[in-house]
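What the coordinates show
Listed here are the chains, written in short residue letters.
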Amino acid sequence: PLSSRYWDQHRASFDAITLFDVIEHVNQPLEVCRRALELLAPGGVLLMDTPNADGLLYRFGDFTSRISRGRYPTTLGIQYRPTPFDHKQIFRVRDMSTMLAAAGFSEVSISTKTELSLPIEIYLQSYPAATKLLAPALRYLMPRLPWHNKMIAVARKQG
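Remember, it's a predicted structure, so these values are computed and weren't measured experimentally.

With respect to the overall build of the chain
Scanning the chain for helices and strands turns up seven helices and four strands. Counting from the amino terminus, helix and strand elements in the chain follow one another as α-β-α-β-α-α-α-β-α-α-β. A buried classification covers 36% of the 159 residues belonging to the chain. Put simply, 75% of the contacts in the chain that link residues at least 6 apart link residues at least 24 apart.

Laid out in structure tokens, this is it:
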């Protein structure tokens, strides 16, 4: 954690803070959002890009995991692993909005999009036999279907 001296020097001094693919990796996301609020100047904006648990990829993985009693998490296993450096949590849009409000942000706007952070082959590495077949199909389908697997959250500090 950053020292209290850092917080005292930089409190309320930034117009914008970005957390792209960060919040899903931290142990205490609400605390991170509260710290961001402290660092923002009045009217400042927090911008986050993070996976979306409301999206089709997450919901499909949740479905396959449930019906197989955890044996086949498919896309869920790719998106959520509580091990070091992996995703600790994936937020739903409603939960992200609630967390940002609880952190003290006055305005919150969230939109969803379809995007992969890494090449498709990385996501399919747990299924090497299927990668050759699935990768081309997914490269074609990803931009054409409304997966909504990512969210963009914009939160403003009251000015």
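With respect to the sheet that holds strand S1 (residues 14-20)
Strands sit in the order S1-S2-S4-S3 across an open sheet of four strands; the sheet is mixed. The sheet is open, and its two edges are formed by S1 and strand S3 (107-113), each paired on a single side. Shown here is a sheet whose adjacent strand axes are inclined to one another by a mean of 10°, direction ignored. As judged from the six bridges shared by S1 and strand S2 (residues 40-51), these two strands associate in the parallel manner. Across the sheet, leucine 19 pairs through a bridge with methionine 48, a residue of S2. In this fold helix H2 (residues 29-39) packs onto S1 and S2, with an angle of close to 145° to the strand it touches most, S2. In this fold helix H5 (residues 93-103) packs onto S2, S3 and strand S4 (150-156), with an angle of close to 155° to the strand it touches most, S3.

Let's talk about the confidence of the model for the chain
Low-pLDDT portions of the prediction should not be read for the details of their coordinates. Residues at a pLDDT of 70 or more form 90% of the chain, whose mean pLDDT is 87. At the low end of the mean pLDDT range in the chain sits helix H1 (residues 4-10), at 67; at the high end sits H5, at 98.

Points about the pattern of salt bridges
Taken as a whole and assessed by the stated rule, the structure comprises 10 salt bridges. One salt bridge in this structure joins aspartate 21 and lysine 150, with 2.5 Å as the shortest N-O distance. Highlighted residues: aspartate 21 in the loop between S1 and H2 and lysine 150 in strand S4, separated in sequence by 129 residues. In this structure aspartate 21 comes out as partly exposed when scored by relative accessible area, which is 29%. What makes lysine 150 buried here is its relative accessible area of 2%. For aspartate 62, the salt bridge goes to arginine 66, with nearest N and O atoms at 2.2 Å.

Some points on the packing of H2 against H5
Where H2 meets H5, the closest approach of the two axes is 9 Å, and the angle between their N-to-C directions is 50°. Classified by the interaxial angle, the pair formed by H2 and H5 is oblique. You can see that H2 and H5 cross each other, and the crossing is right-handed. Every residue of H5 that contacts H2 at Pro29, Leu30, Cys33, Arg34 and Leu37 is listed here: Met99, Leu100, Ala102 and Ala103. Tallied by class, the residues present in the contact of H2 with H5 amount to eight nonpolar, no polar and one charged.

Let's talk about the environment of alanine 12
Looking at the secondary structure, you find alanine 12 in the loop between H1 and S1. Excluding its chain neighbours within four sequence positions, the residues that come into contact with alanine 12 are Glu38, Leu39, Leu40, Ala41 and Lys157.

Thoughts on the nonpolar core
Formed by 20 residues in total, the largest nonpolar core has its most connected members in Ile23, Cys33, Leu46, Met48, Met96, Leu100 and Phe105. Of all hydrophobic cores here, the second largest spans six residues; its members include Ile120, Leu124, Met142 and Trp147.

As for the pairing of S4
In terms of burial, S4 is a largely internal element, five of the seven residues being buried. As paired elements, S2 and S4 share seven bridges and run antiparallel to each other. Bridged to aspartate 49 within S4 is isoleucine 152. In terms of strand pairing, S3 meets S4 through seven bridges, oriented antiparallel.

Cut-off values and rules
Residues numbered from 1 in each chain as written. Predicted model: local features only at pLDDT ≥ 70, side-chain atom pairs only at ≥ 80, totals over all residues. Heavy atoms only, no water. Helix = DSSP H or I, 4+ residues; strand = E, 2+ residues; numbered from the N terminus. Buried < 20%, exposed > 50% of the residue type's maximum accessible area, 1.4 Å probe, protein only. Contact = heavy atoms within 4.5 Å. Pairing = 2+ DSSP bridges. Axes fitted to C-alpha atoms, helices over the stretch in contact; angles between N-to-C directions. pLDDT = per-residue confidence, 0-100. Salt bridge = Lys/Arg side-chain N within 4 Å of Asp/Glu carboxyl O. Parallel < 35°, antiparallel > 145°, perpendicular 65-115°, else oblique. Left-handed = near helix turned anticlockwise from the far one by under 90°. Nonpolar A, V, L, I, M, F, W, Y, C, P; charged D, E, K, R; others polar. Core = buried A, V, L, I, M, F, W, Y, C linked by side-chain atoms within 4.5 Å.

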